[in-house]
Amino acid sequence: MKIILFGPPGAGKGTQAKLLSEKTGLAHISTGDILRQEVKNNTPLGQEAKGYMESGKLVPDALVTEMTKKRLSAGDLKNGFILDGFPRTEAQAKALDAILDGGIDTAFYLETSEKVVVQRLSGRRVCPTCGVNYHLTNMPPKKDMMCDKCSVALFQRPDDKEETVKNRLSVYLKESSSVLNYYKKQGKLENISGDQDALVVLKIVLKKLPALLKK
Ligand code: AMP
């Protein structure tokens, strides 16, 4: 099964992908996570991507597509995968269809209001060691802004700061309709409200999967 999670930053794509991956055994592929790792390792790709990411812009299609193609050719995807954060442009969606035999099965669109997005992103804090996300009010750590598991101080992603969030949202609004229309035309788009609690969204997605597998 090949699934895409699509929606604005803060829609909960990463959270859903993680929960879904645990429930179904599908591999979770996050292009944002791969890029952050490249930046951390100071690789040539990381050096190129850094400036775009820090200012909330999209990393150029050619770089991200090549990186995703490489990840999709790894040997751990026999059962399928959940793509989180890719595609973000129509060009990436087309490139993905060219990479995959028969394209994707379903694109879940987590339609999320701006109010919820801003509330989620401004309160998000991340563990630098294990990468787990917390939230100042919705999911605070047990103690002193430290990761429950790793006991290291949580940090705010530089691109979750207010100005960059605004940029990321406007980039998303500019590119999203073409991606949505692309999958709508293929009859592969499933709308779900991303404003809902993560476990409610997960339940809806899980309920839809068996029927989608039969298509
Ligand atoms: P995310 O963690 O998915 O919010 O991604 C963080 C940042 O990585 C984005 O704001 C972009 O700068 C970059 N990025 C991740 N995925 C893509 C993509 N598919 N196309 C272009 N840039 C991306």
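Conventions used here
Residues numbered from 1 in each chain as written. Predicted model: local features only at pLDDT ≥ 70, side-chain atom pairs only at ≥ 80, totals over all residues. Heavy atoms only, no water. Helix = DSSP H or I, 4+ residues; strand = E, 2+ residues; numbered from the N terminus. Rg over C-alpha atoms; globule rule 2.2 N^0.38 Å. Buried < 20%, exposed > 50% of the residue type's maximum accessible area, 1.4 Å probe, protein only. Areas by Shrake-Rupley, 256 points an atom, 1.4 Å probe, with all protein chains shown as cover. Lys, Arg positive; Asp, Glu negative; His and termini not counted. Charge placed at Lys NZ, Arg CZ, Asp CG, Glu CD. Salt bridge = Lys/Arg side-chain N within 4 Å of Asp/Glu carboxyl O. 1 Å grid on protein atoms, 1.4 Å probe; cavity = no way out; pocket = protein on both sides within 12 Å on 5 of 7 lines; lining within 4 Å. Points joined across faces, edges and corners; volume = space filled by probe spheres on them. Nonpolar A, V, L, I, M, F, W, Y, C, P; charged D, E, K, R; others polar. Near = heavy atom within 4 Å. Polar contact = N/O pair within 3.5 Å; in protein donor to acceptor, adjacent residues only side chain to side chain. Pairing = 2+ DSSP bridges. Axes fitted to C-alpha atoms, helices over the stretch in contact; angles between N-to-C directions. Contact = heavy atoms within 4.5 Å. Arc of directions from axis to C-beta.

Colleague: What is the right way to look at the overall build of the protein chain in this model?
Modeller: Counting secondary structure elements, the protein chain contains eight helices and seven strands. Relative to its length of 215 residues, the protein chain is compact, with a C-alpha radius of gyration of 17 Å against a globular reference of 17 Å. Over its C-alpha atoms, taken along the principal directions, the protein chain stretches across nearly 50 × 40 × 35 Å. Counting the 215 residues in the protein chain, one finds 45% classified as buried. Carbon and sulfur atoms provide 54% of the accessible area of the protein chain, an area that totals close to 11,500 Å². A distance of 4 Å separates the average location of the 34 positive side-chain charges in the protein chain from that of its 25 negative side-chain charges.

Colleague: What am I meant to see in the pattern of salt bridges here?
Modeller: With the rule as written, the count across this model stands at eleven salt bridges. For Asp160, the salt bridge identified is with Arg168, shortest N-O distance 2.9 Å. Here Asp160 matches Arg168 in class, with each residue buried. Among the salt bridges present, the one from Lys166 reaches Glu162, with a minimum N-O distance of 3.8 Å. Of this pair, Lys166 and Glu162 are both found in helix H7 (residues 162–185), four residues apart, which corresponds to roughly one turn of the helix. Classification of Glu162 by relative accessible area gives exposed; the value is 58%. Each of the salt bridges in this network shares a partner with another, and the network as a whole consists of Arg124, Arg157, Asp159, Asp160 and Arg168.

Colleague: What is the right way to look at empty space enclosed by the protein in this model?
Modeller: Any empty space left between the atoms is revealed when a probe the size of a water molecule rolls over them. Scanning the entire structure with this criterion turns up one cavity of 30 Å³ or more. Here the largest cavity is characterised by a volume of approximately 50 Å³. Lining the largest cavity are Leu5, Phe6, Gly7, Lys13, Gly85, Phe86, Pro87, Arg88 and Tyr172. Taken together, the residues that form the lining of the largest cavity break down as five nonpolar, two polar and two charged.

Colleague: Honestly, the site of the ligand in this entry has me stumped. Any pointers?
Modeller: Surrounding the ligand, one finds 16 residues, the nearest of these being Thr31, Arg36, Lys57, Gly85 and Arg88. A distance of 2.9 Å separates an oxygen atom of the ligand from a polar side-chain atom of Arg36. Here an oxygen atom of the ligand and a side-chain polar atom of Arg157 are 3.3 Å apart. Contact with the protein chains covers 96% of the free accessible surface of the ligand, which is 480 Å². The leading source of residues in the shell around the ligand is helix H2 (residues 31–40), at four residues. Across the shell around the ligand, the residue classes break down as six nonpolar, four polar and six charged.

Colleague: Just to check I follow, could you spell out the sheet that holds strand E7 (residues 189–193) for this structure?
Modeller: Each strand in a sheet pairs with another by means of backbone hydrogen bonds, the pair being arranged parallel or else antiparallel. Taken together, five strands build an open sheet; the order of strands is E2-E3-E1-E4-E7 and the sheet is parallel. A strand with exactly one partner marks an edge of an open sheet, and here the two such strands are strand E2 (27–30) and E7. Looking at each pair of strands side by side, their axes are set apart by 20 degrees on average, direction ignored. With four bridges connecting them, strand E1 (residues 2–6) and strand E3 (residues 81–84) associate as parallel partners. Residue Lys2 lies in a different strand from E3, and its bridge partner there is Phe81. Taken strand by strand, helix H1 (residues 13–24) contacts E1, E2, E3 and strand E4 (106–111), and its axis lies near 170 degrees from that of E3. Each of E1, E4 and E7 touches H7; the most contacted strand, E1, lies at about 150 degrees to it.

Colleague: Is there a simple way to think about helix H5 (residues 90–99) in this case?
Modeller: Think of an α-helix as 3.6 residues a turn; residues three or four steps apart then line up on the same face. Every buried residue of H5 is listed here: Gln92, Ala93, Leu96 and Asp97. Looking down the long axis of H5, one finds its buried residues gathered within 140 degrees of arc, a one-sided arrangement. Here the buried face of H5 lies against E1, helix H4 (61–72), E3 and H7.

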